Amino acid sequence: MTSLPTTALVSPALPAAPRVGERLGRYTVERVETLPEMQGTLVLLSHELGARHAHVIRDDDNAAFAVTFPTVPKDSTGVAHILEHIVLMGSQRYPVPDPFFAMLPRSLNTFMNAMTSNDWTTYPFSTRNEQDFFNLLGVYLDATFFPLMRYESFRQDGHRFEFQTPEDPTTPLKLQGVVYNEMKGGMANPGSVMWRAFGKALYPDLTYANNSGGAPENIPELTYENLRAFHAAHYHPSNAFFYTYGKLPLERILDGIEAHVMSRFERQVLDVSIPDQTPFTEPRAERAEYPGTDTERGSQVSVLWKLGLSSDADANLRWSVLSDVLLGNAAAPLTRPLIESGLGAGLADLSGYRDSFREGAFAVGLKGLGAGQVQAVETLVLDTLRAIVQGGIAPELIESSLHQFEIGQKEVSNAGYPFALQVMFRMLGPWLYGGDPLTGLRLDAELERLRADLSAGRVFETLIEQGLLNNPHRVTLELAPNPELAARTEADEQALIDRLSADFTDEDRARVVAESLRLKELQAQEHPLDTLPTLSLSDVPPSVPRVPYRTEDAGRALIARIAQPTGGLTYLDVQVRLPDVPEDLLDALPLYAFAVTRGGAAGQDYAELSRRMEAVTGGVSASVSAGVRPDDLNALRLSLSFSGKALARNAPALTDVIRDLLAAPEFTRDRLEQLLRQRLAGLKASVVQSGNAYAERLAGAQVSPAGVLGERFGGLSALNTLKGIVEGQPGAEETGAGQEGGISGLDDLLARFGRIRDLILTGTPVLALTATEDDLNLDLGGITGLFTGSAPVGRPAPATAPRTPQARTTDSPVAFNAVAFQTVPYAHPDSPALLVLSRLLRSNYLLKEIREKGGAYGGAASFDTREGVFAMSSYRDPNIARTYRVFRDARAFLDTPLGQRELTEAILGASKVLDPLTSPDTAGRMRFYSDQAGYTPEVQDAFKARLLAVTLDDLRRVMDTWLTPERAAYAVVTGRDPNDDTLKELGLTFDVQGV
């Protein structure tokens, strides 16, 4: 047995909570409530101006802040969304063009963003550095309450006319704007179209009928004056909800807000209330379209109901539990009949209970449908609900759901959003809608009432009957692909341009040219950033955390037992390092990982196993990954991992579930077909939403052995393989990277699954158990005893794809461009400089060139320190050739005047990659598995030391060495064949295939 030592960290005492009624300046403490599940305290305050403030005192070094404004647009011009962009583009105290993006590299934040919802806009951040917290607090407060709101910023990020050649009024006129292009891309995504249609269908008379992000056809209607008026009305302390979290002194935070904001305003009254939607007297049917070509399987049908107020804590809990009971797993009584009907591939987007509207909603339906299925889906949903009411809901299903809520209340995890901000989002809904924010954090009273009612009789059957079956406020919503919509939308855009410019005089054209050149001039200007606060390299922790654990050998297995304050939860990870995997099994591996936890095992079919997992675990997942050693990019290793969590009392049951999944998984042909159709529908939808990730994988497969596997496991070739199995199309040929023995169909795949199961048990298991010290003595012999083979860990050596520019066409009006380079492994002296270079290019070059000047929603550079792949990419980009020219010109940017400030900021940004935000569920297992892969604290500390010493000359040198044109690989996901003369001028001719 071995252990890794650590230095104990002594946490300072938490600040004491104020008393109810206490005055803190012009704030009054209204409530103080304990939060026992998260070991915290909630303090609710009000300000004389009407602002509300919630502060959570908790022993967490990740402090958080947010200010949220109810924003209730009356049209679809995107005023709230565009305003979210514009306020972050310069303020009174920080009059630089883009302080938000300028602060990203000057900060050690663990989260920075802003987001616009249906009826609110929020500006959150979190950080583990106290000085950074107050730096960001000042920037966020000044941005939201005192923005400059320049006309040029409105034109850049909102909308503008621009000639194709900006200085030449004889060239075609076009519409431009970051938000305009973002929403063009967004409204090509079926999930986004579904969301907008959902609100409009159920709440046609309210703000939810509008597109709060902005409908592309309506965005040009927004005027600069209306934007400013919307800000003046909504971004005021009287309309503000402040949130803070952590162990920083509340008084110091309030004093900062008072001095910066409150002292400069008078109270005002703004009516942002949302009335009740007038109930429908009879059900309705609505139809929406998105630009898609998959007319055979691209439709969705969902049945929607409007319910009661989402701020009603008791009703909100009951609908949330009922939603989980009906739809929470594959065996759920509403999910199973819908899927087994064979009508569709999976549940429709947005299925379940939603409390993100003032009045809640419930929805359920199917996607992956052909045309003409509306009535069949509606009938199936209603008949299934009637059968559930008639037959009753088994008590054990309700107990399983309540068990999931217990886990949700106990778990403290930074997975997804930082926990500091998860807390805010849990309380934000009831708080904004006039309910009790405490109910989003503490459900003990509501749970007690629910259990009492359940013991007295039928609860959920009555809820279904009254809230759904007898509720005439129902809409059957069809979302259908229209192959002609993309062309029609493009024609409509041109017609809009023609209409808006029909009366243009020579003076109008000259004004467009002048404004374009003025914007271009401002974008080219260098603005001193001295007004912005920053950190120094001394704020970067010099070493990585040493999280303690103890290890033991158990036959062929290695086990780490990691003591963490998990709040009564147990986490178990089983990483199986695979022996040599035959070539014909590689494409089946990710499908096996997807299906194995959704099928049956040990004599239980998928429904029985699903109910079992719901009753005793918080979920079990499986994944396949490829890892490399820190000193060799070709030393690949494949692993299949199982991860699960459970309440400590159910930890033995969790180990039994994982044992059965490893030793005795069971797949039936019918169930596998259901699962693969669900996966295919999800992958198809994700291409338009995440085209940049797919383009990067397609480029990476041309330069990196690990990239080849990443593309085969999760890229467009994986999508193509799945199409071949499910739809009978030709197998994957996307990368040309040695994919022999394509999977011929379901029966072939089932046979390969059997071989994979046998192969796994010859692998080398490495287990990580994370729990409180009292719960660490869990018997894992049932798992470790399965592995009795002697095969060594395999070393796959996939051949990279031919270095040919790749284009994949899909239903998108914008492009996702990428270029990738293979560089060096983690331990190479140049690796830290490449990481710093990625941050420098992203913050100082690509955002300006691709987003500000090019109108794309995003431009980025990244460096995967473990796989050694350096990439540049763009997101929702109206340009292709121009963007590849920007990528090519990156080296010239390094010869522009760059100084210590730019270098320091890039190093600060890079250091965040090395010190990710962890939580009790992740800190120990990340440390343990990194150690086992060779990324020990000593290796990581050496990397960090080299990173802190990187110079500008190092950045130029590594770019000249590793990021040269002859080493580049290109890929684009776009709406049409990209090959034209402008690309040929760059020496690029793309191999074009459809997605």
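Here, the structure is the one placed above.
The structure contained in this document is the topic of the report that follows. Since the structure is predicted, the reported quantities are computational estimates derived from the model, not experimental observations. (Residues numbered from 1 in each chain as written. Predicted model: local features only at pLDDT ≥ 70, side-chain atom pairs only at ≥ 80, totals over all residues. Heavy atoms only, no water.)

1. Things to note about the overall build of the protein
Across its full length, the protein carries 34 helices and 32 strands. Computed over its C-alpha atoms, the radius of gyration of the protein comes to 28 Å, within 12% of the 30 Å expected for a compact globule of 995 residues. Each principal axis of the C-alpha atoms in the protein carries an extent, and together these give about 80 × 65 × 65 Å. Out of the 995 residues in the protein, the part that is buried amounts to 59%. Long-range contacts, defined here as pairs at least 24 residues apart, represent 80% of the contacts in the protein between residues at least 6 apart. (Helix = DSSP H or I, 4+ residues; strand = E, 2+ residues; numbered from the N terminus. Rg over C-alpha atoms; globule rule 2.2 N^0.38 Å. Buried < 20%, exposed > 50% of the residue type's maximum accessible area, 1.4 Å probe, protein only. Contact = heavy atoms within 4.5 Å.)

2. A word on the sheet that holds strand β32 (residues 991-994)
The strand order β29-β30-β28-β31-β27-β32 describes an open sheet built from 6 strands, whose pairing is mixed. Both edges of this open sheet fall to β29 (858-864) and β32, since each of them pairs with a single strand only. The mean angle between the axes of side-by-side strands here comes to 15°, regardless of whether they run parallel or antiparallel. Of the pairings in the sheet, the one linking strand β27 (residues 806-809) to β32 comprises 4 bridges and is parallel in character. (Pairing = 2+ DSSP bridges. Axes fitted to C-alpha atoms, helices over the stretch in contact; angles between N-to-C directions.)

3. Observations regarding unusual backbone geometry
Phi is mostly negative for residues that are not glycine, and the peptide bonds are mostly trans. One non-glycine residue, L350, lies in the positive phi region at around 75°. With respect to the secondary-structure elements, L350 resides in the loop between β15 (346-347) and β16 (352-354). In this structure, A602 takes a positive phi of about 50° despite not being glycine.

4. Comments concerning the packing of helix α18 (residues 589-596) against helix α21 (residues 669-689)
Between α18 and α21, the least distance of the axes is 10 Å, while the angle of their chain directions is 110°. When the axis of α18 is compared with that of α21, the two are roughly perpendicular. Note on element contacts: α21 touches α18 through L672, L675, L676 and R679, opposite L591, F594 and A595. When its residues are assigned to classes, the contact of α18 with α21 shows 6 nonpolar, no polar and 1 charged. (Parallel < 35°, antiparallel > 145°, perpendicular 65-115°, else oblique. Nonpolar A, V, L, I, M, F, W, Y, C, P; charged D, E, K, R; others polar.)

5. Some remarks on helix α33 (residues 952-962)
Those residues of α33 lying buried are L952, L955, V958, M959 and W962. The arc that holds every buried residue of α33, seen down its axis, measures 130°, which confines them to one face. The inward-facing, buried residues of α33 abut β28 (816-822), α27 (831-853), α29 (890-893) and α30 (900-914). (Arc of directions from axis to C-beta.)

6. Comments concerning the packing of aromatic side chains
Tallying each qualifying case throughout the model produces 44 aromatic pairs. Geometry around F134 places R252 over its ring, the cationic atom sitting 3.7 Å from the centre. For R697, the ring lying beneath its charged end belongs to Y694, and the centroid distance is 5.4 Å. (Phe/Tyr/Trp six-rings, centres within 6.5 Å; stacked < 30°, edge-to-face > 60°. Lys NZ or Arg CZ within 6 Å of the ring centre and 35° of its normal.)

7. Regarding helix α23 (residues 705-714)
The element α23 is extensively covered by neighbouring structure, given that 8 of its 10 residues are classed as buried. Turning to α23, its buried residues are P705, A706, G707, V708, L709, E711, R712 and F713. One side-chain oxygen of the residue at the start of α23 lies 3.2 Å from the amide nitrogen of A706, identifying that residue as S704. (Polar contact = N/O pair within 3.5 Å; in protein donor to acceptor, adjacent residues only side chain to side chain.)

8. Observations concerning the nonpolar core
Within the largest apolar cluster, 131 residues are counted, with the highest numbers of intra-cluster contacts made by L841, F870, M872 and Y884. For this core, the leading source of residues is α27, giving 10 residues. Other than its neighbours up to four places away in sequence, Y884 contacts N817, A818, Y970, A971, V972, L983, L986, L988 and F990. (Core = buried A, V, L, I, M, F, W, Y, C linked by side-chain atoms within 4.5 Å.)

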